[in-house]
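Descriptive structure summary
Here's the letter readout for the chains.
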Amino acid sequence: MALEQPLPAVRGQLRIRSLLARQCLAEFLSVFVLMLLTQGAVAQAVTSGETKGNFFTMFLAGSLAVTVAIYVGGNVSGAHLNPAFSLAMCLLGRLPWTKLPIYSFMQLLSSFCASGATYILYYDALQNYTGGNLTVTGPKETASIFATYPAPYLSLNNGFLDQVLGTGILIVGLLAILDRQNKGVPAGLEPVVVGLLVLVIGLSMGANCGAPINPARDLGPRLFTYVAGWGPEVFRWEMAPGTVLYSAKVSVPESPAFFS
């Protein structure tokens, strides 16, 4: 009993009283969970030569990760997970504009840190699979474990349209799910329905770019791979012959391909 009595006092001292600080931590943790589970599924499939996963398990894990992430921080920050959604909330007057750069920064920072966690978790597997040669192109490329890359046939215009449509469907679907005047989702099951929304977008719009539909989900990991050994090639559009892009699940043909 003597040990139990101080616990309420300790909890009171450790409590973060700033709402903004709690929201930042919730957003960071939510995105971290999302990215670690999503990238882990891709890393498992890639480094095992797809004996322990395939394109469907990657999309499924990513969708379930969204559900878990929303449960993690939904009641604190809203679990936006995505700067595009935070922007939509600002446009609708549901989030102060002053919080947009803060939310976006925390999402970007968390995705960067989660990429580091995935790298450490699968370090031995990556070294075994690549022989220590971390590349963005070629049959043993591993950069697409972390960030998404366009298919070799994709033009810049088509890629832009792909992301506008994919992100647009995501935002429209989210607003419909959250609209209390619409057909209601049973209380507490909203994250599950959001996960299903992400899954259907991935399965129907994932071939071109891997359906990132989230600036932080792509830029944070891309920055990490840049500093972790993959180098500046992570920002290039040129793909070498034989490259297998797991983000879009297509192979580059033997003739060199360039994105217009």
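Residues numbered from 1 in each chain as written. Predicted model: local features only at pLDDT ≥ 70, side-chain atom pairs only at ≥ 80, totals over all residues. Heavy atoms only, no water.

Checked against the element boundaries, Leu 109 lands in helix H5 (residues 100–121). Residue Leu 109 is classed as partly exposed on the basis of its relative accessible area, which comes to 33%. Along the sequence, Leu 109 and Phe 32 sit 77 residues apart, while their C-alpha atoms lie 9.1 Å from each other. (Helix = DSSP H or I, 4+ residues; strand = E, 2+ residues; numbered from the N terminus. Buried < 20%, exposed > 50% of the residue type's maximum accessible area, 1.4 Å probe, protein only.)

Attention now moves to the UniProt feature "transmembrane region" (unreviewed entry) in the protein. Taking the numbering used here, the UniProt-annotated feature "transmembrane region" (unreviewed entry) corresponds to residues 20–43, 55–73, 102–122, 160–178 and 185–207. Between the C-alpha atoms that bound residues 20–43 there is a distance of 34 Å. The span itself is 100% helix and 0% strand. Span residues 55–73 is 100% helix and 0% strand, its end C-alpha atoms 28 Å apart. (UniProt positions renumbered as here; feature names shortened; annotations may be inferred.)

Grouped together as the largest cluster of nonpolar side chains are 27 residues, with contacts concentrated most on Val 66, Leu 81 and Leu 170. Of all the elements in the fold, those that place two or more residues in this core are helix H2 (19–47), helix H3 (55–73), helix H4 (83–91), H5, helix H7 (156–178) and helix H8 (190–205). Setting aside residues up to four positions removed in sequence, Leu 170 forms contacts with Asn 82, Leu 197, Val 198, Ile 201 and Ile 213. Of all hydrophobic cores here, the second largest spans 19 residues; its members include Val 42, Tyr 122, Ala 143 and Ala 147. (Core = buried A, V, L, I, M, F, W, Y, C linked by side-chain atoms within 4.5 Å. Contact = heavy atoms within 4.5 Å.)

Glancing now at the packing of H7 against H8. For the pair H7 and H8, interaxial distance at closest approach is 10 Å and the crossing angle is 160 degrees. It follows from the interaxial angle that H7 and H8 lie roughly antiparallel. Here H7 runs over H8; the crossing is right-handed. Between H7 and H8, the residues in contact are Asp 162, Leu 165, Gly 166, Ile 169, Leu 170, Gly 173, Leu 174 and Ile 177 and Glu 190, Val 193, Val 194, Leu 197, Val 198, Ile 201 and Met 205, respectively. Its residues placed into classes, the contact of H7 with H8 shows eleven nonpolar, two polar and two charged. (Axes fitted to C-alpha atoms, helices over the stretch in contact; angles between N-to-C directions. Parallel < 35°, antiparallel > 145°, perpendicular 65-115°, else oblique. Left-handed = near helix turned anticlockwise from the far one by under 90°. Nonpolar A, V, L, I, M, F, W, Y, C, P; charged D, E, K, R; others polar.)

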